[in-house]
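Chain by chain, the residues run as shown.
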Amino acid sequence: MNATRILPDLQCALLCEDVRPEANGNFISVGVIGVVRVPQVPVTAFKLCVFNRWTAGFGPFTESVRLIAPDQTTVLRKGQVKFALQDPAHHATNVTVFPQVEFPTAGVYYIEVLVDDVMKIRFPLPVVVVQPPPPAKQEPQG
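Just so it is clear, the structure is predicted and the values come from calculations on it, not from any experiment.

**Q** Explain the state of the cysteines here, please?
**A** In protein chemistry, a disulfide is the covalent bond that joins the sulfur atoms of two cysteines. In the structure shown here, the tally under the stated rule is zero disulfides. There is no disulfide at C12, and the cysteine sulfur nearest it, in C16, is 9.6 Å away.

Following this line, the structure appears as structure tokens:
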């Protein structure tokens, strides 16, 4: 029996500020994001990138990446890309770029990664309002 399609495994999913390809085909991820700390909301992120690497699959696929609001139903952003794996030993790397992402409120947002409508990962992205520290007192010089 020959497989005509094997759903791939998600080897990694990283949220970062930027992804840069190198001349040798490798990638540099810049500013891996675990939490967004801001002085106030609403706030706009210049750019968010979701770096996904797929492996151990065979056939054509559609990847979907979604940014979900804290209400857990509102889709703020969505990206979709088609890709294929010709052999289970191969891999595919996809980068979804969300420019100018507005976070209207503090709370826990979510990143969801799906392949052919099958959710592979859903991870939290907390947006936290943090007050800046007060200015340091200057000691009188005497």
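**Q** So what exactly am I meant to see when it comes to the pairing of strand 5 (residues 59–68) here?
**A** The two faces of the sheet receive side chains in turn, since in a regular strand these alternate between them. In terms of residue burial, strand 5 counts as a mostly covered element, since eight of its ten residues are buried. Judged from the ten bridges that link them, strand 5 and strand 6 (residues 75–85) form a sheet pairing that is antiparallel. Residue V65 lies in a different strand from strand 6, and its bridge partner there is G79. Of the strand pairs in this sheet, strand 5 and strand 8 (residues 107–115) are connected by six bridges, and their pairing is antiparallel.

Reading the values: rules and limits
Residues numbered from 1 in each chain as written. Predicted model: local features only at pLDDT ≥ 70, side-chain atom pairs only at ≥ 80, totals over all residues. Heavy atoms only, no water. Disulfide = S-S within 2.5 Å. Buried < 20%, exposed > 50% of the residue type's maximum accessible area, 1.4 Å probe, protein only. Helix = DSSP H or I, 4+ residues; strand = E, 2+ residues; numbered from the N terminus. Pairing = 2+ DSSP bridges.

All we've got here are geometric facts, nothing functional implied.
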